[in-house]
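Listed below, chain by chain, are the residues.
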Protein chains: 2
Amino acid sequence: MEEGTSQSPGYCCDTDGDPYDARQWDTRNDCEVRQILDRIADKWSLLVIALLDRRTLRFTELRRAVDGVSQRMLARTLRQLERDGLVRRTVHAAVPPRVDYELTPLGATLHTTIRALVDWTETHQNEIAAARAAYDVREAAEQAAQEREAARRDAIARDVLAGRL
Amino acid sequence: MEEGTSQSPGYCCDTDGDPYDARQWDTRNDCEVRQILDRIADKWSLLVIALLDRRTLRFTELRRAVDGVSQRMLARTLRQLERDGLVRRTVHAAVPPRVDYELTPLGATLHTTIRALVDWTETHQNEIAAARAAYDVREAAEQAAQEREAARRDAIARDVLAGRL
DNA sequence: CTGAATCCCTTCCGATACTG
DNA sequence: CAGTATCGGAAGGGATTCAG
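Residues numbered from 1 in each chain as written. Chains lettered and ligands numbered in written order. Predicted model: local features only at pLDDT ≥ 70, side-chain atom pairs only at ≥ 80, totals over all residues. Heavy atoms only, no water.

Any chance you could break down the sheet that holds strand β2 (residues 87-92) of chain A for me, citing the residues and the numbers?
Residues and elements named next belong to chain A. Pairing within the open sheet is antiparallel, and its three strands lie in the order β1-β3-β2. Either end of the sheet is taken by a strand with one partner, and the two such strands are β1 (57-58) and β2. By the bridge criterion, two bridges tie β1 to strand β3 (residues 98-103) in an arrangement that is antiparallel. What sits directly across from R58, in β3, is D100. (Pairing = 2+ DSSP bridges. Helix = DSSP H or I, 4+ residues; strand = E, 2+ residues; numbered from the N terminus.)

Listed below in C-alpha cells is the structure:
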C-alpha cells in the first residue's frame, strides 16, 4: 500500500486543557472531523460524489466524466470513498471485467450537503471575483506608492551625499 | 510573492462539447467553482472562518486558537481570505502593532454553509469510522485468503515438480 | 476493462531567520 | 506584534508499465 492508514505525528488531539471557546466548534473537535473533511472536500471526491448522484457509473465512465483526473487518482479516490462507506463498489465477474460505482445512502446524504456548499460558491463566485479584482488593484496601487516613496528617498539621499562632497 | 495568481496549465475549462449531463453540476462549471471550493474548503480557511464567527481576533489570537498552524500558513490563509472578500483586515497604527481580523458579511454567509458541512461530518463520523473498520477487516481477510491460496498453489507446484524429477 | 506499481517532477508546508 | 524570505523535507499527482 502506498500510503498507510496512520496519520503524520502531531496531527491530532493533544490539546486537552484550554476550554477556550464553548460557543462553537473549537480546535479540539477537529481531530476527527478535520481529517474526514479533508477527504470529502477533496477536489476529486467532490466531483465523484456529484456525478454519482442517483445513478451508477463504471470506472471508465467516471474517468471520462471527470475529465482531467488520472486513472491513478480516480482509483485512489474511489478506494477511499469506498472505505469511508460513501460509495459502493460492485465487481461483475465478466470478460471484459466491469465494475460499477454508486452512492451508498450515507453518500447520498453527503451529496445534499456538498451541494449546498457548491451552490453557495456558484451564487457568490462573482462577488469573490470582484473582491479579488479590487484587492489586486489596491495591492498594485500600494506597491506603486511604495516604489515612488523609495525612489524619493533615494533621490534625497543622493542629493545629501552630493551636497556633502 | 512565492506563488503567483495564475493557475497551473490545463487546470481550467477546455471541454466545450459533451453536453453530457444537464441535471447537475457537470465538469464544465467547475472551472471557477472548483478553484474557489478548494480555497474555502481548505483546512485552515475552514477553521479561521469558524473562529471568526461574530467576533474579531488578532493575528496572535488566531494563531493560538488554531493551534497547529504555522505563522506562514496562517498569514497565507488570511491573505487569501482577505483577497476573496471573506475577511476584513484592519491595521491599527500603534506600538506594538495590532491587526484585527473579522468576517465580512459575505464571509458570514459562508460560515452558515460551512457549518452545515461540519455538522454533517460530526453527525456521521461514527458511521464513517465504522465503515472504515469494516473495510479494513474485509481487506485483511481477502489478503489472508489470497496468501493461503498462493501457498496452496505453491505447494501443488512443488509436489508436481517433485513427482516429475 | 480495471486496476496496481513504479518513476519522477511539482507543490505544499513547517522550521528558521530576518524586517518594521 | 505581525508579518516576509528562504530552505529542505514530505506529500501530491501525472505518465507509464505491468497484471488479472
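Before we move on, can you summarise the sheet that holds strand β3 (residues 98-103) of chain B with the specific residues and values?
All names here are of chain B. If you trace the three strands from one edge of the open sheet to the other, you get β1-β3-β2, paired in antiparallel fashion. Every other strand in the sheet has two partners, leaving β1 (57-58) and β2 (87-92) as the edge strands with one partner each. Across six bridges, the pairing between β2 and β3 is antiparallel. Across the sheet, residue H92 finds its bridge partner in β3, namely R98.

Would you mind going over the protein's contact with DNA strand D in detail, with residue names and values included?
In the region of DNA strand D, 20 residues are neighbours, and A:Q71, B:R58, B:T60, B:R89 and B:Y101 sit closest. Sugar and phosphate atoms constitute 63% of the interface atoms of DNA strand D, taking the interface as everything within 4 Å of the protein. Within the side chain of A:Q71, one N or O atom sits 2.9 Å away from a base oxygen of DNA strand D. B:Y101 is positioned with one of its side-chain polar atoms (N or O) 2.5 Å from a phosphate oxygen of DNA strand D. At the level of elements, α4 (71-83) of chain A together with α3 (59-66), α4 (71-83) and β3 of chain B are the ones that each hand at least two residues to the surface near DNA strand D. Considering only residue class, the surface near DNA strand D consists of nine nonpolar, three polar and eight charged. (Near = heavy atom within 4 Å. Polar contact = N/O pair within 3.5 Å; in protein donor to acceptor, adjacent residues only side chain to side chain. Nonpolar A, V, L, I, M, F, W, Y, C, P; charged D, E, K, R; others polar.)

Just give me the short version of α4(B), but keep the residues and values in it.
Because an α-helix completes one turn every 3.6 residues, residues spaced three or four positions apart along the sequence face the same direction. For α4(B), which comprises 13 residues, the first-to-last C-alpha distance of 18 Å matches the rise-based estimate of 18 Å (1.5 Å per residue) to within 8%. Within α4(B), burial applies to B:L74, B:R76, B:T77, B:L78, B:L81, B:E82 and B:R83. (Expected span 1.5 Å × (residues − 1). Buried < 20%, exposed > 50% of the residue type's maximum accessible area, 1.4 Å probe, protein only.)

I'd like a rundown of the protein's contact with DNA strand C, residues and numbers included.
Taken together, 18 residues sit near DNA strand C, with A:T60, A:R89, A:Y101, B:S70 and B:M73 positioned nearest. By atom count, sugar and phosphate contribute 56% of the portion of DNA strand C lying within 4 Å of the protein. In the environment of DNA strand C, a base oxygen lies 3.3 Å from a nitrogen or oxygen atom belonging to the side chain of B:R72. Going through the elements one at a time, α3 (59-66), α4 and β3 of chain A together with α4 of chain B are the ones with two or more residues in the surface near DNA strand C. Considering each element in turn, the surface near DNA strand C owes the most residues, three residues, to α4(B). A breakdown of the residues in the surface near DNA strand C according to their chemical character gives eight nonpolar, three polar and seven charged.

Give me the lowdown on the relation of the copies chain B and chain A, citing residues and values where you can.
Least-squares fitting of chain B to chain A yields an RMSD of 0.1 Å, with the transformation described by 0.1 Å of translation along the axis and a rotation of 180 degrees. The superposition operator between the copies reduces to a two-fold rotation axis. Of every C-alpha in chain B, the one belonging to B:A41 sits nearest the axis of rotation, 3.0 Å from it. Take the interface residues of chain B: 98% of them recur as interface residues in chain A, which is what a same-surface contact looks like. (Least-squares fit on C-alpha atoms with pLDDT ≥ 70 in both. Contact = heavy atoms within 4.5 Å.)

Residue-level account of the nonpolar core, with values.
Membership of the largest hydrophobic core comes to 62 residues, with the highest contact counts inside it found for A:I40, A:L52, A:L62, B:I40, B:L52, B:L62 and B:L110. Leaving out residues up to four positions away in the same chain, A:I40 has contacts with A:S45, A:L46, A:L86, A:L110, A:I114, B:L117, B:W120 and B:T121. (Core = buried A, V, L, I, M, F, W, Y, C linked by side-chain atoms within 4.5 Å.)

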